[in-house]
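These are the residues of each chain, in order.
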Amino acid sequence: MASGGTPQERFARLRPAIGETIIGAGVLVLAIVMVWQTLSIPVSPIYAQVGPTIVPIITALALGMLGILLLVDAVQGGWQTAEEKEVTPDRTALLWIIAGLVLNVLLITSAGFTIASVILFVCVARGFGSKAIVRDALIGAAFALVAYIGFAKTLGINIGSGLVENAIERVIGSEGG
Amino acid sequence: MDAFSQLLNGFAVALTPINLLWCLVGTTLGTAIGVLPGLGPALTIALLLPITFKVEPTAAFILFAGIYYGAMYGGSTTSILLNTPGESATIVTALEGNKMARNGRAGAALATAAIGSFVAGTIGTLGITFLAPIVVDWALKFGPADYFSLMVLAFVTVSAVLGSSAVRGLAALFFGIWLGLIGVDLQTGQARFTFGLPELLDGINVIVVAVGLFAVGETLYVGSRYRLGKDEIIPLSGSLWMTAEEWKRSWKPWLRGTAIGFPIGAMPAGGAEIPTFLSYYIEKKLTSRPQEFGKGAIEGVAGPEAANNASAAGVLVPMLTLGLPTSATAAIMLSAFQSYGINPGPLLLESQPHLVWGLIASLFIGNVMLLVLNLPLIAVWVKLLQIPAPILYAGILVFATIGTYGITQSPVDLILLYLVGGIGYLMRRYDFPAAPVIIGMILGPLAEQNFRQAMTISAGDWTVFFTRPLSAIILALAALALFGPKLYALAVRPKPDHVPGDA
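Residues numbered from 1 in each chain as written. Chains lettered and ligands numbered in written order. Predicted model: local features only at pLDDT ≥ 70, side-chain atom pairs only at ≥ 80, totals over all residues.

## What about the overall build of chain A?
Our working rule: Runs of E in the DSSP output that reach at least two residues are strands. Runs of H or I that reach at least four are helices, and both are numbered from the N terminus. Counting other C-beta atoms within 10 Å of a residue's C-beta gives its exposure: the residue is buried at 20 or more, exposed at 12 or fewer, and partly exposed in between, where C-beta atoms are placed from the backbone. Note on contacts: residues are paired as contacts if their backbone-placed C-beta atoms lie within 7 Å.
The helix and strand inventory of chain A stands at 8 helices and 0 strands. A buried classification covers 33% of the 177 residues belonging to chain A. Excluding contacts between residues fewer than 6 apart, the proportion of contacts in chain A whose partners are at least 24 apart in sequence is 60%.

## Quick notes on the overall build of chain B
The criterion, for reference: In this treatment the radius of gyration is a C-alpha quantity, and the globule benchmark scales as 2.2 Å times the residue count to the 0.38 power.
Scanning chain B from terminus to terminus reveals 21 helices and 2 strands. For chain B, whose C-alpha radius of gyration is 22 Å, the value lies close to the compact-globule estimate of 23 Å for 503 residues. On the principal axes, the C-alpha backbone points of chain B span a range of 65 × 60 × 55 Å. Relative to its 503 residues, chain B shows a buried fraction of 60%. When contacts within chain B are restricted to residue pairs at least 6 apart in sequence, those whose partners lie at least 24 apart make up 81%.

## Overview of the environment of Leu414 of chain B
With respect to the helices and strands, the residue Leu414 of chain B is situated in helix α18 (residues 411-429). Sequence separation between Leu414 of chain B and Phe118 of chain B is 296 residues, and the spatial gap between their C-alpha atoms is 39 Å. With near-sequence residues (within four places) excluded, Leu414 of chain B lies in contact with Val105 and Ile108 of chain A together with Thr401, Thr404 and Tyr405 of chain B.

## Notes on the interface of chain B and chain A
Put simply, the rule is: All amino acids are sorted into three groups, where Ala, Val, Leu, Ile, Met, Phe, Trp, Tyr, Cys and Pro are nonpolar, Asp, Glu, Lys and Arg are charged, and the leftover types, Gly among them, are polar.
Taken together, the contact pairs 54 residues of chain B with 62 residues of chain A. The element best represented in the side of chain B that touches chain A is helix α17 (residues 389-408) of chain B, accounting for 14 residues. Its residues assigned to classes, the side of chain B that touches chain A shows 31 nonpolar, 14 polar and 9 charged.

## Observations concerning helix α10 (residues 244-266) of chain B
Spacing of three or four residues puts side chains on the same side of an α-helix, whose turn is 3.6 residues. Short version of the rule: Residue count minus one, scaled by 1.5 Å, sets the expected span of a helix. A residue's bend is given by the angle between axes fitted to the 7 residues ending at it and the 7 residues starting at it.
For α10 of chain B, spanning 23 residues, the distance from its first C-alpha to its last is 33 Å, which sits close to the expected 33 Å at 1.5 Å a residue. The largest bend in α10 of chain B amounts to roughly 25° and is located at Ser250 of chain B, with the proline Pro253 of chain B lying one to four residues further along.

## Regarding the nonpolar core
Stated formally: The term nonpolar core means buried Ala, Val, Leu, Ile, Met, Phe, Trp, Tyr and Cys residues held together as one set by C-beta atoms within 7 Å. Domains are outlined according to an automatic or database domain assignment.
In this structure, Ala210, Val211 and Ile438 of chain B are the most contacted members of the largest nonpolar core, which totals 214 residues. Counting residues domain by domain, this core receives three or more from each of domain 1 (7-86) and domain 2 (91-172) of chain A. Not counting chain neighbours up to four residues away, the residues in contact with Ala210 of chain B comprise Ala42, Leu43, Ala46, Ile332 and Ile438 of chain B.

## Points about the packing of helix α3 (residues 54-75) of chain A against helix α8 (residues 166-181) of chain B
Helix packing for two helices is described by the angle between their axes and how far apart those axes are. The following threshold applies: Geometry is summarised by axes, namely lines fitted to C-alpha atoms with helices restricted to the contacting stretch, and by angles between N-to-C directions that run from 0 to 180 degrees. Working rule for angles: under 35 degrees goes down as roughly parallel, over 145 as roughly antiparallel, 65 to 115 as roughly perpendicular, anything else as oblique. We call a crossing left-handed when the near helix sits turned anticlockwise from the far one by less than a right angle, and right-handed when that turn is clockwise.
At a closest axis distance of 9 Å, the pairing of α3 of chain A and α8 of chain B adopts a crossing angle of 150°. Here α8 of chain B runs roughly antiparallel to α3 of chain A, going by the angle between their axes. Here α3 of chain A runs over α8 of chain B; the crossing is left-handed. Between α3 of chain A and α8 of chain B, the contacting residues are Val55, Pro56, Thr59, Ala62, Leu63, Leu66, Leu69, Leu70 and Asp73 of chain A on the first element and Val167, Leu170, Ala171, Phe174, Ile177, Trp178 and Leu181 of chain B on the second. Here the contact of α3 of chain A with α8 of chain B is composed, by residue class, of 14 nonpolar, 1 polar and 1 charged.

## A few points about unusual backbone geometry
Residue and element names in this part refer to chain B. Despite not being glycine, Phe193 shows a phi value in the positive range, around 55°. With respect to the secondary-structure elements, Phe193 resides in the loop between β2 (191-192) and α9 (206-224). On the neighbour-count criterion, Phe193 (21 C-beta atoms within 10 Å) is buried. The backbone phi angle of Asp431 is positive, close to 60°, even though this residue is not glycine. With respect to the secondary-structure elements, Asp431 resides in the loop between α18 and α19 (435-457).

## Thoughts on the environment of Val55 of chain B
Residues and elements named next belong to chain B. By the secondary structure assignment, Val55 is in the loop between α3 (41-47) and α4 (57-82). A count of 15 C-beta atoms within 10 Å places Val55 in the partly exposed class. Linking Val55 and Ile45, residues 10 residues apart in sequence, is a C-alpha distance of 14 Å.

## Side note on the packing of helix α2 (residues 17-35) of chain B against α4 of chain B
Residues and elements named next belong to chain B. Axis separation between α2 and α4 bottoms out at 6 Å; the angle between their running directions is 30°. When you trace α2 past α4, the crossing you get is right-handed. Residue classes in the contact of α2 with α4 are distributed as 19 nonpolar, 13 polar and no charged.

## Comments concerning the confidence of the model for chain B
Put simply, the rule reads: Residue-level confidence of the predictor is what pLDDT reports, using numbers from 0 through 100.
Per-chain confidence: chain B averages 88 in pLDDT, with 95% of residues scoring 70 or above. Scored below 50 in pLDDT, residues 495-503 of chain B makes 1 contact in the model with residues more than four places away or belonging to other chains.

## Comments concerning α9 of chain B
Residues and elements named next belong to chain B. Between its terminal C-alpha atoms α9 stretches 26 Å, which fits the 27 Å expected from 19 residues at 1.5 Å a residue. Maximum bend of α9: about 40°, positioned at Gly212. Of all the 19 residues making up α9, 19 are buried; the element is thus mostly covered by neighbouring parts of the structure.

## Some points on the environment of Ala114 of chain B
Residue and element names in this part refer to chain B. With respect to the secondary-structure elements, Ala114 resides in helix α6 (residues 106-139). Residues Ala114 and Ile264, 150 residues apart in the sequence, show an inter-C-alpha distance of 21 Å. Not counting residues within four places of it along the chain, the set of residues in contact with Ala114 comprises Tyr73, Leu371, Asn374 and Leu375.

## Focus on the confidence of the model for chain A
Within chain A, residue pLDDT values average 81, and 76% of them lie at 70 or more. Residue range residues 1-11 of chain A is modelled with pLDDT below 50. Its contacts to residues more than four positions away, or to other chains, number 6 contacts.

In structure tokens, the structure reads:
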């Protein structure tokens, strides 16, 4: 790993990388949770030899080993490319997009998917730097309606109902959603 | 019955007006999503999976195959005009293609890419026609132990060999296998990894994972680094008619690219990246004008584009004959088969000849459609590139949400979708490949099934995987693929004073 380069470079590489350490630890924790969950699966003696726990245990052990290898990599300086390291993620953009997703989950059952979709659309567009909220809302509404007709009518998927959906159904006069 | 007469029957299926229409819809949609950055065939087919409840299998697979091939054609347009590869397999096309476009030869670059794709796609589909029955004859002798070993080999190659790191590829793979294990074990009825949530008893839907990784994760990633970095679209320039010299420089790379791409795609390793890079380096070696490489050499577009499409065709061979998907898109198609209750494998050609041969025939027809869609109509697709990013990505998320919510109308699925999206973002940022997650999730349960069958037959004897000659050979190959590169690197370890990077 640490072959070549000037002593300074070697030192820089050996500094643990925070993001990578968290990821490696996360994989290891997942593996431990998996072992714990697997051990709680009751195994009937009939299946004792090739029961439902063998593959989960193998998977958990493999993930645990990979988590340790990732941690080793992380402590030795991580694996992110220099290019990726230089970019600081745009927090504002991420927050806008995440806000849109959270609002969407909260509103989709109560307000109906059209309204939830419009809000999601406006938030994501805002995250990508668009400031024309009214225009985005209109385009978002058009998108939601196209998707509604596409999914609900063509694919026959029931995507629930809300204020707008009920109004559409009344206008088209077809069966309720 | 030989393959040729079977194929003629296939054409009878594919040429019915309704199937021609499905093929046209598929190829058009495929080209569109190939052109649009942020959308790919795996995501699109995942969102369209509910169609399997509505239409008969032949029509659905003609549609999916059209999307699959179309995305390959559309992806090259984006690489050439935008220098942002739409699909990972078209990275190499951007190297020379974008330079050609900057030099005012966009037309020739698009033409050699489209015609090369056509040549490779057609030869590749011919390859499927003749190779598939041979593989089937051979695969009929496979037992569960052999199948399990074959899946192990595919796991190793798609995760450990193709990516930048074996550890990260395998971590993604086992994460996917874990996702596939969640739910009720079909053999014993035991719930596994459901954390007491009744919503998880049926398992996590592959749509949730594919859409989460490829739509939500991708949007978060692009959004996090979008800022002011605008991509520059290079306007169409130069004639779409290639000159005699350009034809002369293109046809050999097309054929060489096909010869490289198809066999690699057809191996249970798959992947389109390796053949495209390989083709690029071979063309660079063989060309009589190496000075043009890096500045817009047409050979560097023609070869990799052909390799890309030929390997896409090759991937369908293990998919249809062994039920072994080696790309994320093929894995999603496998789950479409499962949703019809059809098991792809050696018996598929016998039990569903209409489906398989109709599908293969429609690939030939689709290639012709795609050539027309992508050359005379190229200006239409260029318009798609002008959709502003805020609208494009907001639209992608709205479609992703509705497509997922529609499966069960359960907010739990939406929360899962967004959680997987968050994981997908971190995976992008920390260089974990996404395809092994999907492949692990879909192939994992099948591997487990074969593993347990083999163990039951052998009465719990673990050595069964090593005492069956075929299985032992395949496992040895997998071990070689996994540890070979490491051992090789140790064997030819550079001297201490070796300057890195001069190799």
